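Single-letter residue listing:
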Amino acid sequence: MKLSPRRRRRIARVAGYVVFGLAILAVVGAADWARLSEAFFRRDVATGMFPEAITIALRNTILYTLMAFVFGLTLGLVLALMRLSSVLPYRWFATAYIELFRGLPALLVLFMVGYGVPLAFPDREIPGGVYGSVTVGLGLTAAAYMAETIRAGIQAVPKGQLEAARTLGMSHTRAMISIVLPQAFRIVIPPLTNEIILLTKDTSLVYVLGVTSTTIELTKFAGDTLNTLVNPTPLVVAGLLYLVITLPLSQLVRGLERRAGRER
Amino acid sequence: MSTIEISDLHKSFGSLEVLRGIDLTVEPGEVVCVIGPSGSGKSTLLRCVNLLEEPTSGSIRVAGVEVTDPDCDIDEVRRGIGMVFQQFNLFGHLTVRENVTIAQRRVLKRGKAEADRIAAANLGRVGLSEKAKAYPAQLSGGQQQRVAIARALAMDPQLMLFDEPTSALDPELVGEVLAVMRGLAAEGMTMLVVTHEMAFAREVASRVVFMDGGVIVEQGPPAEVFGNPREDRTREFLHRVLEPASVSETEIIKIKGETL
Ligand SMILES: Nc1ncnc2c1ncn2[C@@H]1O[C@H](COP(=O)(O)OP(=O)(O)OP(=O)(O)O)[C@@H](O)[C@H]1O
Ligand SMILES: [Mg+2]
């Protein structure tokens, strides 16, 4: 009997569901549930982590993220404008910076800011203690990525926009501020939100700077609790708390991209 | 004093010489239409007048001010020259009213109330008073182009440049834009218009300029240029544009030969 293409597709789809269901059943059946929940889902360990998990660890994670983001965004905007400048040395500097910091591991930069620079200049220090070091240490790297994103956004604004503004008598600077940048930022909001998500995860590197009980962030907090209680449940709690930040953000990005798609 | 005085204007892009010695004068109140084949340098000529393109050599005076002088404050000169583009170039993040007020506020430093009043008057002039709160994306092409005209007019220009203002429009929307331009001409606005709308040029222009290959081939009153062109190139161009259905095969071969 010959099957119509439509029937064949339907059979293939049903087969897909069946295979997937069997695989799930096999995993569920084979797993040692008592052992798993004892290790990863101990209610007493989890509840013991609160409220510090939120009032200190989650709070610091968010704080580090925001500070590094604002620093990176500001520096990134300056770099993007330098990259597009007609002044050749500006373009060189911006290009060199971006290539350098995109090529280096974030951890290495963090070490450099946290230990390298203080060793070289023992009589000075970055203001703000750990908060300052984190802002700069993570922000320097983020700036390189954001500069490229913002530059692409500026270039995505049609050339006619700048020309129309100049034709009305606006200076180049005024036209950039009032006409080009507002439209560029609309374009780059989704990729910049992605950058916040990446930064959120990168704050887990901060522990290398030697954080205290008040400056601790989620990953280090979970690791410490794991060490004291010899139970991995804290890792699950920390993971869930990261998702509390990142899932709404990626949802937001998707919504924004859908809206941008409709407007075009 | 002439509104525009161009003498021996040359413009090259790299090794490509696009304008090869243009002399053109536009008097106050004149409507000068520039016609000519694609690539002949019409847009470049227009864009040199407000220095969107930097001339390679020659001089351009607008209302007596030498714009090609390095000491000239070009932002100041541009305030007095309205420009309307083929692609409208409305500011997409601003409403219609904001499009018309932003340069008034930022450049002319008019107060909000005054800028709004002038915007309303100019939107009324182009028949779009009820669209003040809309965003450009919500308007038809013809409406967008009329807003662009209002935006330029709000700066009280003494000269308006139009670069093929109707070429990006659906045919049924061309008329509304031409009607606004006809109105402007009747009010005595000085206009330099690059256009493919021959009927408009014939009716509204005080003078028609035919360009080809970076030079002005011929110019004169529309009745003369259209009715009795002196140059062969003009005649050929007009034949191709006005009766595209009757261009013969031998002419196509000739046209190809020209461009080779
Ligand atoms: N920025 C530029 N860089 C390099 N070449 C250019 C540039 N602008 C225009 N040209 C070239 O200059 C020539 C004249 O262009 P221009 O736009 O002035 O012609 P046009 O008469 O307006 O033609 P159209 O009717 O197609 O608009 C063309 O060959 C074009 O490719
Ligand atoms: Mg053109």
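Residues numbered from 1 in each chain as written. Chains lettered and ligands numbered in written order. Predicted model: local features only at pLDDT ≥ 70, side-chain atom pairs only at ≥ 80, totals over all residues. Heavy atoms only, no water.

A. The interface of chain B and chain A, seen in detail. Listed by partner, the interface residues are 22 residues for chain B and 18 residues for chain A. Together chain B and chain A conceal approximately 1,700 Å² of surface at their shared face, both sides included; 59% is due to carbon and sulfur atoms. Its largest share of buried area at the contact with chain A, chain B owes to Arg-78, Phe-91 and His-93 of chain B, together 34% of the area lost on that side. Counting every contact that joins chain B to chain A gives two salt bridges. With its nearest N and O atoms 3.2 Å apart, the salt bridge here joins Asp-75 of chain B to Arg-166 of chain A. Linking chain B with chain A are six residue pairs in polar contact (both at pLDDT 80 or more), by the criterion used here. Those elements that place two or more of their residues in the side of chain B that touches chain A are α2 (74–79), β6 (81–84), α3 (96–106) and α5 (141–153) of chain B. (Contact = heavy atoms within 4.5 Å. Buried area = accessible area lost by both parts, 1.4 Å probe. Salt bridge = Lys/Arg side-chain N within 4 Å of Asp/Glu carboxyl O. Polar contact = N/O pair within 3.5 Å; in protein donor to acceptor, adjacent residues only side chain to side chain. Helix = DSSP H or I, 4+ residues; strand = E, 2+ residues; numbered from the N terminus.)

B. Broad picture of the sheet that holds strand β2 (residues 16–26) of chain B. Residues and elements named next belong to chain B. Spatially, four strands are ordered β2-β1-β4-β5 in an open sheet, and the strand pairing comes out antiparallel. The open sheet terminates on both sides in strands that have one partner only, identified here as β2 and β5 (65–66). The sheet contact formed by strand β4 (residues 57–62) and β5 spans two bridges and is antiparallel. Each residue of the ladder has a partner; that of Val-62, found in β5, is Val-65. Here helix α1 (residues 42–49) sits on the sheet and contacts β1 (4–13), β2 and β4; the angle it forms with β1, its principal contact strand, is near 120 degrees. (Pairing = 2+ DSSP bridges. Axes fitted to C-alpha atoms, helices over the stretch in contact; angles between N-to-C directions.)

C. Structural context of the site of ligand 1. Residues and elements named next belong to chain B. The local shell around ligand 1 holds 13 residues, among which Ser-38, Gly-39, Lys-42, Ser-43 and Thr-44 are the closest. Here Ser-40 contributes a backbone N or O atom positioned 3.2 Å from an oxygen atom of ligand 1. Between ligand 1 and Thr-44 there is a distance of 2.5 Å, counted from an oxygen atom to a side-chain nitrogen or oxygen. Burial of ligand 1 by the protein chains amounts to 60% of its free accessible area of 640 Å². Contributions of two or more residues to the shell around ligand 1 are made by β2 and α1. Top contributing element to the shell around ligand 1 by residue count: α1, with three residues. (Near = heavy atom within 4 Å. Areas by Shrake-Rupley, 256 points an atom, 1.4 Å probe, with all protein chains shown as cover.)

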